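Remarks on the overall topology
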Amino acid sequence: MKKALVSALTTALVVGAASTTFAAANPFSDVPADHWAYDAVSQLAADGVIEGYGDTTFKGNRNITRYEMAQMVAKAMAKNTSGADKALVDKLAAEFAEELNNLGVRVANLERNADMVKWNGEARYTYKHDKTKYNDGTSTTKSSGPLLLRLEPTAEVNDHWKVKARLDATTYANNDSGINEKGEDDSKVTLKRIWAQGNYGKFQVKLGKFAQINNDTIADTTFSGVELSYGKGIKGIIGVGRINKNSLIPKPEQLIRKSGSYQYVGVQYASGKYKGGLAWHHVKAHDGDFKYKNDGNSTDQMNIIIEDDSYQFDKNIGVKGFYAYNNNADIQKKAGRLELDYKGAQKENKGTWGAWVAYSHLGKNAMIANPWDVVKPGEKGWEIGGNYTFLKNVVGTLRYGKTKDIGGTGKKYDHFFGRVQFFF
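Now for a quick tour of the structure.

Parameters and conventions
- Residues numbered from 1 in each chain as written.
- Predicted model: local features only at pLDDT ≥ 70, side-chain atom pairs only at ≥ 80, totals over all residues.
- Heavy atoms only, no water.
- Axes fitted to C-alpha atoms, helices over the stretch in contact; angles between N-to-C directions.
- Helix = DSSP H or I, 4+ residues; strand = E, 2+ residues; numbered from the N terminus.
- Parallel < 35°, antiparallel > 145°, perpendicular 65-115°, else oblique.
- Left-handed = near helix turned anticlockwise from the far one by under 90°.
- Contact = heavy atoms within 4.5 Å.
- Salt bridge = Lys/Arg side-chain N within 4 Å of Asp/Glu carboxyl O.
- Buried < 20%, exposed > 50% of the residue type's maximum accessible area, 1.4 Å probe, protein only.
- Phe/Tyr/Trp six-rings, centres within 6.5 Å; stacked < 30°, edge-to-face > 60°.
- Lys NZ or Arg CZ within 6 Å of the ring centre and 35° of its normal.

**Structural notes on the packing of helix H2 (residues 36-46) against helix H4 (residues 83-95)**
- Two elements in contact, H2 and H4, have axes separated by 10 Å at closest approach and are oriented at 140°. It follows from the interaxial angle that H2 and H4 lie oblique. Seen from above, H2 lies across H4 with left-handed handedness. For the pair H2 and H4, contact is made by Trp36, Ala37, Ala40, Val41, Gln43 and Leu44 and by Asp85, Leu88, Val89, Lys91, Leu92 and Glu95, respectively.

What follows is the structure in structure tokens.
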């Protein structure tokens with residue numbers, strides 16, 4: 001409806017003769033269907049700032065080009081708006097400043113994002129059911145149903161710097177409280193991440209508490225420090241800081257200080273259908289030791305090398321995987337995964353879906369923190385799954401994992417996982 005409204009407005013509005021130089025701004029590039037400008041123009045039309053056909057109907061169902069959008073903005077700028085309407089017009093003028101200038105409409109030095117703080121987030125319900133089968137034929141089960149609210153604000157500081165954050169609050173449907181299985185209260189709003197990010201062309205700097213590289217394979221946690229990266233097709237990354245040792249999968253014993261020093265160095269490469277990366281992660285526990293030596297000795301360090309790769313054969317089929325190795329460990333020192341993907345749910349497009357099958361071997365001492373849902377650290381086995389977009393920004397996911405213990409206990413597992421996410 002929004003695109004239909006805006007498309008009809010395009011034909012109804014006429015702006016003075018355009019400069020022949022307008023092509024420099026690529027006027028034929030469509031404004032994406034989910035761009036905020038559609039909502040802004042629709043609101044201006046509802047407020048009477050921009051007018052439609054005389055019969056008050058709005059026709060059309062195609063995307064709008066940036067040049068056409070600029071024509072409508074120019075018409076709105078010619079009116080003496082105030083209050084919220086003026087703020088919308090100013091924001092649109094900043095967004096389409098180049099196209100407006102090419103139309104001969106002078107734009108003041110406005111901030112590109114008039115509202116300096118943007119909020120994104122999600123509400124999600126997750127159901128987990130784990131069954132453990134023992135050698136004697138007995139079994140145990142465990143279920144949980146966390147409900148999570150996540151808010152992710154982004155604040156513009158200036159042309160180069162932004163401040164970003166993540167806030168989470170969780171309650172559990174299975175016990176109707178915020179108390180998790182460890183007895184901790186997750187219902188309080190917790191500041192999970194906060195960092196300042198500076199972008200200077202190919203160079204980027206992050207300062208604060210944020211997710212490090214490989215957080216989707218072996219390191220799904222945060223650390224506090226600084227990260228520097230440079231490049232585009234080939235990118236070099238270095239991070240230095242501290243990590244909470246309680247968040248590590250292999251936890252060092254005799255903890256005194258809660259944090260250990262943490263460094264990583266990596267290179268990432270992307271070209272066409274291929275993406276890949278190679279990285280080194282180092283954790284030093286200082287006052288505690290990792291007990292993963294066959295000879296009974298211990299070490300206060302973790303040195304993990306990881307390679308991850310992906311290749312997209314066509315628009316539907318892709319493959320990805322990783323291999324990690326902890327040079328300091330003798331026990332469960334290797335982790336890896338190979339996954340075959342078919343399509344994939346897109347939260348902005350109703351009816352899109354995807355499916356995958358994967359095999360994982362997750363030696364717990366080759367991982368920093370766990371990002372996986374149905375193959376746990378210390379296990380190996382198969383996973384199948386799928387996802388589907390029921391409505392725009394409403395996505396459902398199902399996973400099933402059949403695994404067994406790597407440590408030689410003989411335990412076998414069935415892991416069930418379901419999730420519904422509402423993005424906003």
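**Points about the pattern of salt bridges**
- Counted by the stated rule, this structure contains 16 salt bridges.
- A salt bridge links Arg124 to Glu122; its shortest N-O distance comes to 3.7 Å.
- Classification of Arg124 as buried rests on a relative accessible area of 16%.
- With a closest N to O distance of 3.1 Å, Glu383 and Arg337 form a salt bridge. With a gap of 46 residues between them, Glu383 in strand S15 (residues 379-391) and Arg337 in strand S13 (residues 334-343) connect regions that are remote in the sequence.
- Judged by relative accessible area, which is 6%, Arg337 ranks as buried.
- One salt-bridge network, held together by shared partners, links Lys320, Arg337, Glu339, Asp341, Asp373, Glu383 and Arg399.

**A closer look at the packing of aromatic side chains**
- The final tally for this structure, using the stated rule, is 14 aromatic pairs.
- Between Trp195 and Phe210 the ring centres are 6.4 Å apart and the planes differ by 55°, which places this aromatic pair in the tilted class. Linking Trp195 in strand S5 (residues 190-200) with Phe210 in strand S6 (residues 203-211), this pair joins segments that are 15 residues apart in sequence.
- Trp195 gets classed as buried once you look at its relative accessible area, which sits at 13%.
- The class for Phe210 is buried, based on a relative accessible area of 1%.
- For the pair Phe223 and Tyr264, a centre-to-centre distance of 5.4 Å together with 70° between the ring planes defines the contact as edge-to-face. Separated by 41 residues along the polypeptide, Phe223 in strand S7 (residues 222-231) and Tyr264 in strand S9 (residues 259-271) bring together distant segments of the chain. The two residues Phe223 and Tyr264 agree in class, both being buried.
- Every member of this aromatic cluster is reached through a ring pair, and the members are Trp195, Phe210, Phe223, Tyr262 and Tyr264.
- Cation over ring: Lys91 sits above Trp36, and NZ or CZ is 4.2 Å from the ring centre.
- The side chain of Lys347 reaches across the aromatic face of Phe423, ending 5.6 Å from its centre.

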